[in-house]
Amino acid sequence: EWSSSFYLLGSVALKRGRNSEAEIHFRRALELEPDAPYLLNDLAVAVERQGRKAEAVELYSLALKLSPESELYRENVRQGVTNQIDKNPAVLWPAG
């Protein structure tokens, strides 16, 4: 199955710190398997490592929505939101 191949390539790239390359592979896998929470989660990791925190939180949240029983996805959402707030308190208290 092609999505598994892209996932494997993305995982290897992620492990090697090639985050933009990993993102490409995970996005290709998601085109073939759009409701796979593990793909969304790992894409979020790649995106977060590139400094795109808000996008990562959205992806972590989608993974959690698809797999609400997952403690890993729940913790990733928590950590992502915390990281956003630490860098930009306006995330929690937007200007009025």
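Above this note sits the structure.
None of the values given here were measured: they were computed from a predicted structure.

J.: Would you mind showing me how to read helix H1 (residues 2-15) here?
T.: Structural remark: α-helix, 3.6 residues per turn; residues separated by three or four positions point the same way. In this model H1 runs 20 Å from its N-terminal to its C-terminal C-alpha over 14 residues, within 8% of the 20 Å that 1.5 Å per residue would give. Considered for burial, the residues of H1 that qualify are Ser3, Phe6, Gly10, Ala13 and Leu14. The arc enclosing the buried residues of H1, seen along the axis, measures out at 100°, which places them on a common side. Those residues of H1 that are exposed and angled more than 90 degrees off the buried face are Leu8 and Lys15. Against the buried residues of H1 lie helix H2 (19-32) and helix H3 (37-49).

J.: Would you mind going over the side chain of Ser67 with me for this structure?
T.: Among the secondary structure elements, Ser67 is positioned in the loop between helix H4 (53-66) and helix H5 (71-87). Within polar-contact distance, the side chain of Ser67 engages the side chain of Glu69 at 2.8 Å. Residue contacts for Ser67: discarding those within four places in its chain leaves Pro37 and Tyr73.

J.: When you look at the packing of H1 against H2 in this model, what are you seeing that I'm missing?
T.: Angle between the axes and distance between the axes are the two parameters that describe a pair of packed helices. Where H1 contacts H2, the axes come no closer than 8 Å and their chain directions differ by 165°. In this view, H1 runs roughly antiparallel relative to H2, as classed from their interaxial angle. Viewed along their axes, H1 and H2 form a crossing whose handedness is left-handed. When H1 is examined against H2, the residues Trp2, Ser3, Phe6, Tyr7, Leu9, Gly10, Ser11, Ala13 and Leu14 are found in contact with a partner set consisting of Asn19, Glu21, Ala22, His25, Phe26, Arg28, Ala29 and Leu32. Partitioning the contact of H1 with H2 into residue classes produces 10 nonpolar, five polar and two charged.

J.: I tried to follow the packing of aromatic side chains on my own but got confused; where do I start?
T.: For any two aromatic rings, the description comes down to two numbers: the centre-to-centre distance and the angle of the planes. If you walk through the whole model with that rule in mind, you get three aromatic pairs. Geometrically, the ring pair formed by Trp2 and Phe6 is tilted, given 6.2 Å between the ring centres and 35° between the ring planes. Of this pair, Trp2 and Phe6 both sit in helix H1, separated by four residues, roughly a single helical turn. Assessed through its relative accessible area of 18%, Phe6 is described here as buried. For the pair Tyr7 and Tyr38, a centre-to-centre distance of 5.0 Å together with 90° between the ring planes defines the contact as edge-to-face. Within this pair, whereas Tyr7 is found in helix H1, its partner Tyr38 is found in helix H3, the two being separated by 31 residues in sequence. We classify Tyr38 as partly exposed; its relative accessible area is 29%. Clustering of aromatic rings is evident, with ring pairs tying together Tyr7, Phe26 and Tyr38.

What counts and how
- Residues numbered from 1 in each chain as written.
- Predicted model: local features only at pLDDT ≥ 70, side-chain atom pairs only at ≥ 80, totals over all residues.
- Heavy atoms only, no water.
- Helix = DSSP H or I, 4+ residues; strand = E, 2+ residues; numbered from the N terminus.
- Expected span 1.5 Å × (residues − 1).
- Buried < 20%, exposed > 50% of the residue type's maximum accessible area, 1.4 Å probe, protein only.
- Arc of directions from axis to C-beta.
- Contact = heavy atoms within 4.5 Å.
- Polar contact = N/O pair within 3.5 Å; in protein donor to acceptor, adjacent residues only side chain to side chain.
- Axes fitted to C-alpha atoms, helices over the stretch in contact; angles between N-to-C directions.
- Parallel < 35°, antiparallel > 145°, perpendicular 65-115°, else oblique.
- Left-handed = near helix turned anticlockwise from the far one by under 90°.
- Nonpolar A, V, L, I, M, F, W, Y, C, P; charged D, E, K, R; others polar.
- Phe/Tyr/Trp six-rings, centres within 6.5 Å; stacked < 30°, edge-to-face > 60°.

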